[in-house]
Amino acid sequence: MTHPMRHHGQPPRRPNIGITPDWSEAAPGTSFARYELKVSYAEAVLRAGGLPFVLPYTDDPTCVEAYLDRVSGVLITGGAFDIPPEAYGETAREGMGAMKEGRTTFETALMRAALKRNMPVLGICGGMQLLNVVLGGTLYQDIGREMQEVREHEQKHDRTQPQHPVDVRDNSLLAEAVGRGQLMVNSTHHQAVKKLGNQVVSSAVSPDGVVEAIESTAHAFALGVQWHPEYMLNNLPVHAGIYKVFIHKARDYRR
Ligand SMILES: N[C@@H](CCC(=O)NCCCC(=O)O)C(=O)O
């Protein structure tokens with residue numbers, strides 16, 4: 001249920017937010033591939049004051065631009081897949097997972113075009129990893145094999161509950177959104193940021209050294225978080241701040 005905005009007089013304008021869906025191939029015996037979007041993403045945008053629009057994939061650059069002419073922010077969602085390592089100059093090593101190359105191709109084009117417009121971009125989980133790659137960074141293809149003494153980052157318990165703390169960097173966009181200090185987050189990933197992209201800074205790190213949030217210093221709002229704040233809005237409402245700042249920046253983008 002979308003909570004009505006509490007306001008006096010005219011409610012704040014809801015900026016249009018483009019959201020990338022996941023994609024699933026046709027189930028055996030059927031002919032129909034599917035787009036899928038977890039309700040949590042759309043609900044988080046609505047509760048933060050935005051207007052969510054799902055963006056079907058396209059390989060036509062004019063359609064990507066037409067999408068961006070109609071939104072004021074882009075939410076790149078996560079999913080159970082990995083970015084092709086060739087996108088960051090590597091070849092697949094043991095531990096690399098399944099890929100969804102059509103999705104990554106579309107999300108890469110959309111993100112690049114949005115960043116070129118300095119439009120607000122929020123990347124969630126795999127979307128954060130894509131933001132780092134698009135900005136010239138790399139990934140650990142499997143943190144269990146490639147990082148020392150890394151903890152469990154694919155939690156087995158309910159994803160609406162946290163898994164581990166992160167330390168939020170002072171004077172960061174993330175600190176503006178959720179406050180300074182330590183934050184408990186959920187965790188559903190086996191990859192992580194390795195080399196930060198160009199003009200990208202880490203804005204949160206877990207105790208075992210995994211980069212848990214990044215932001216671009218070259219854009220008005222380009223933030224990525226490795227966790228899923230939208231899953232925890234009811235249990236840990238502090239996470240709503242991430243979507244609220246995103247929507248605020250999107251509202252400012254198209255004044
Ligand atoms: N390549 C990434 C994918 C991380 C991610 O987006 N996980 C989400 C899991 C499914 C979901 O809840 O949407 C990795 O590091 O695993």
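Residues numbered from 1 in each chain as written. Predicted model: local features only at pLDDT ≥ 70, side-chain atom pairs only at ≥ 80, totals over all residues. Heavy atoms only, no water.

The protein is annotated in an unreviewed UniProt entry as Gamma-glutamyl-gamma-aminobutyrate hydrolase family protein of Hyalangium rubrum.

### Looking at the site of the ligand
Taken together, 16 residues lie around the ligand, and F81, D82, R159, Q191 and Y231 are the ones closest in. Backbone polar atom of F81 to a nitrogen atom of the ligand: 2.8 Å apart, as the coordinates give it. Within the side chain of D82, a nitrogen or oxygen atom sits 2.6 Å from a nitrogen atom of the ligand. For the ligand, the accessible surface in isolation is 430 Å², of which the surrounding protein chains cover 93%. Assessed atom by atom at 2 Å from the grid points, the ligand resides in the largest pocket. Partitioned by chemical class, the residues of the shell around the ligand number four nonpolar, nine polar and three charged. (Near = heavy atom within 4 Å. Polar contact = N/O pair within 3.5 Å; in protein donor to acceptor, adjacent residues only side chain to side chain. Areas by Shrake-Rupley, 256 points an atom, 1.4 Å probe, with all protein chains shown as cover. 1 Å grid on protein atoms, 1.4 Å probe; cavity = no way out; pocket = protein on both sides within 12 Å on 5 of 7 lines; lining within 4 Å. Sits in = over half its atoms within 2 Å of the grid points. Nonpolar A, V, L, I, M, F, W, Y, C, P; charged D, E, K, R; others polar.)

### So, the sheet that holds strand β8 (residues 164-168)
Spatially, β4-β1-β5-β6-β13-β12-β11-β8-β9 is the arrangement adopted by the nine strands of the open sheet, whose pairing is mixed. Since the sheet does not close on itself, it has two edges, and those belong to β4 (51-54) and β9 (181-185), each with one partner. Pairs of neighbouring strands in the sheet enclose a mean axial angle of 25 degrees, with direction left out of account. Sitting on the sheet, helix α3 (residues 101-116) is in contact with β5 (73-76), β6 (121-124) and β13 (222-225), with an inclination near 150 degrees to β5. (Pairing = 2+ DSSP bridges. Helix = DSSP H or I, 4+ residues; strand = E, 2+ residues; numbered from the N terminus. Axes fitted to C-alpha atoms, helices over the stretch in contact; angles between N-to-C directions. Contact = heavy atoms within 4.5 Å.)

### A few points about the packing of α3 against helix α4 (residues 126-134)
Where α3 meets α4, the axes come as close as 10 Å, and the angle between the chain directions of the two elements is 65 degrees. At the point where α3 passes α4, the crossing takes the right-handed sense. Contacts between α3 and α4 involve T104, E107, T108, M111, R112 and L115 from the first element and G127, L130, L131 and V134 from the second. (Left-handed = near helix turned anticlockwise from the far one by under 90°.)

### Details of helix α7 (residues 240-253)
Relative to the 20 Å expected for 14 residues at 1.5 Å per residue, α7 spans 20 Å between its end C-alpha atoms, a close match to the ideal helical length. Where the residues of α7 are buried, they touch β1 (16-19), α1 (39-47), β5, β6, α6 (173-178) and β13. (Expected span 1.5 Å × (residues − 1).)

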